[in-house]
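Observations on the model geometry
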Amino acid sequence: MRLGIALAAATAAFGLSACNDQANGGGAGSRDQIKVVGSSTVYPFSTLVAEQFVNANPGMKAPVIESNGTGPGMKQFCAGVGARHPDIEDASRRMTAAEYRMCEDNGVDRILEIQIGVDGIAFAEGQSGPKLALMPADLYLALAANPRGAPNTAKMWRDVNPTLPAIPIQVYGPPSTSGTRDALAELILARGCEAVYPVSLNLKKTDPNAFKKVCEEVRSDGAYVDAGENDNLIVQKLQSNPNAIGIFGYSYLEENRNALVGVPVSGVSPSYETIAGGSYPGSRPLYLYVKQAHIGAIPGLKKFIETYAKAWAPDGPLVKRGLIAAPQAVRDASAAIVANGTPLDPSVLK
């Protein structure tokens, strides 16, 4: 455990016993630790910021950081305001309009949306792997539950593309609760579906639920293996299974370059430059969501997000950890949100 950072599903200690819960007016006790939940992709960045926060503020307790996936994290984050509920949601995709409504229904409003940087959905294999090069169409035909509207029967990569090797399709990836899984569906599978099944272009407009079933639903017959929220476990599986492919945030590929290689998609390999420049098909933004009501009520919360803002520059420590720095304009806008506490306008959400 780095510098005593309290991680995993620990319950935040309630320390300020003499005070009522300043975030919601009382009844739930108080808390003198920051609590963060959500994305396994953002998790290593938040733990690094937590280390820096503790080093710079020795009187503060270490933040509690839980890696349980963007979806479950959103449910926790939106469950209410007060010491029992998280202060920050790490997210590997943007909050949805439905999630914002869930927050509002539980009294959670004035939410800060802070883009911390950019990431890529990396496809990787072991150093001794078959050196696959794939297109979104290949990944769609290999991983979709119902490619072209019929149950998936492909067993080998050659079954989806005759130029690919005759090795079993075995892909380790995130669960359905993960923001990385959502991004896989929207950025890669849907793109592949539209390329090989033109009918889906109209279906997307006329019947979004049918589009999701045909284009974005992932097969569950064993070819795609739900490896949970522990991306390091996927790295281990790729090292022991040379023919398998893993899917995770780019930082995990960057940290394991000695053991893994990136799989090119549409002829572009995942790298800092290709993700930052947008040429890699799996590029996506990463976010923090912060309750404005907790700033000032939870000790150190403002300093924590200010520490984030100081760390996300191209020459900053988060980039050294594997984050892709956002463009200058995005960084400036995010820094202004941190400084001013400007809440998210929910009308921009989908």
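Our structure is the block above this text.
Residues numbered from 1 in each chain as written. Predicted model: local features only at pLDDT ≥ 70, side-chain atom pairs only at ≥ 80, totals over all residues. Heavy atoms only, no water.

Along its length, the chain carries 14 helices and 10 strands. For the chain, the C-alpha radius of gyration of 21 Å lies close to 20 Å, the compact-globule estimate for 350 residues. Each principal axis of the C-alpha atoms in the chain carries an extent, and together these give about 70 × 45 × 35 Å. Evaluated residue by residue, the chain yields a buried proportion of 56% over its 350 residues. Taking contacts inside the chain between residues at least 6 apart in sequence as the whole, the part at least 24 apart equals 73%. For the chain, the exposed area adds up to about 14,100 Å²; of that, 52% sits on carbon and sulfur atoms. Mean positive and mean negative side-chain charge positions of the chain (32 and 33 charges, respectively) differ by 1 Å. (Helix = DSSP H or I, 4+ residues; strand = E, 2+ residues; numbered from the N terminus. Rg over C-alpha atoms; globule rule 2.2 N^0.38 Å. Buried < 20%, exposed > 50% of the residue type's maximum accessible area, 1.4 Å probe, protein only. Contact = heavy atoms within 4.5 Å. Areas by Shrake-Rupley, 256 points an atom, 1.4 Å probe, with all protein chains shown as cover. Lys, Arg positive; Asp, Glu negative; His and termini not counted. Charge placed at Lys NZ, Arg CZ, Asp CG, Glu CD.)

Following the criterion strictly, the structure yields four aromatic pairs and no others. Between F304 and Y308 the ring centres are 5.9 Å apart and the planes differ by 80°, which places this aromatic pair in the edge-to-face class. Of this pair, F304 and Y308 both sit in helix α12 (residues 301-311), four residues apart, which is roughly one turn of that helix. In this pair, the class of F304 matches that of Y308, namely buried. An aromatic cluster of at least three residues, connected via ring pairs, comprises F53, F304 and Y308. Seen from the ring of F77, K291 lies directly overhead, with NZ or CZ sitting 4.8 Å from the centre. (Phe/Tyr/Trp six-rings, centres within 6.5 Å; stacked < 30°, edge-to-face > 60°. Lys NZ or Arg CZ within 6 Å of the ring centre and 35° of its normal.)

To continue, consider the state of the cysteines. Inspection of the entire model under this criterion finds two disulfides. Residue C78 pairs covalently with C103 via a disulfide, S to S 2.0 Å. Across the disulfide from C78 to C103, rotation about the S-S bond amounts to roughly -65°, and the bridge is consequently left-handed. Highlighted residues: C78 in the loop between α2 (70-77) and β4 (88-91) and C103 in helix α3 (residues 97-105), separated in sequence by 25 residues. The buried category is assigned to C103, whose relative accessible area is 0%. Here C193 is linked by a disulfide to C215, with a sulfur-sulfur distance of 2.0 Å. Judged by the sign of its S-S torsion, about -40°, the cystine formed by C193 and C215 is left-handed. Of this pair, C193 sits in helix α6 (residues 179-196) while C215 sits in helix α8 (residues 208-216), and the two are 22 residues apart along the sequence. (Disulfide = S-S within 2.5 Å.)

Running from N to C, helix α1 (residues 43-56) and α12 point in directions that differ by 110°, and their axes come no closer than 9 Å. One element, α1, and the other, α12, form an angle in the roughly perpendicular class. Pair α1 / α12 crosses with right-handed handedness. Judged by residue contacts, F45, S46, V49, A50, Q52 and F53 of α1 engage K303, F304, T307, Y308 and A311 from α12. In terms of residue class, the contact of α1 with α12 is made up of seven nonpolar, three polar and one charged. (Axes fitted to C-alpha atoms, helices over the stretch in contact; angles between N-to-C directions. Parallel < 35°, antiparallel > 145°, perpendicular 65-115°, else oblique. Left-handed = near helix turned anticlockwise from the far one by under 90°. Nonpolar A, V, L, I, M, F, W, Y, C, P; charged D, E, K, R; others polar.)

A few words now on the pattern of salt bridges. Within this structure, the stated rule accounts for 13 salt bridges. Here R93 ties to D182 by a salt bridge, and the two come within 2.7 Å at their closest N and O atoms. Taken together, the positions of R93 in the loop between β4 and α3 and D182 in helix α6 put the pair 89 residues apart, joining distant regions of the chain. Across the pair E254 and R257 runs a salt bridge, and its minimum N-O distance is 3.6 Å. By relative accessible area, which is 35% here, E254 ends up partly exposed. Among the charged side chains, a salt-bridge network with shared partners connects R93, E99 and D182. (Salt bridge = Lys/Arg side-chain N within 4 Å of Asp/Glu carboxyl O.)

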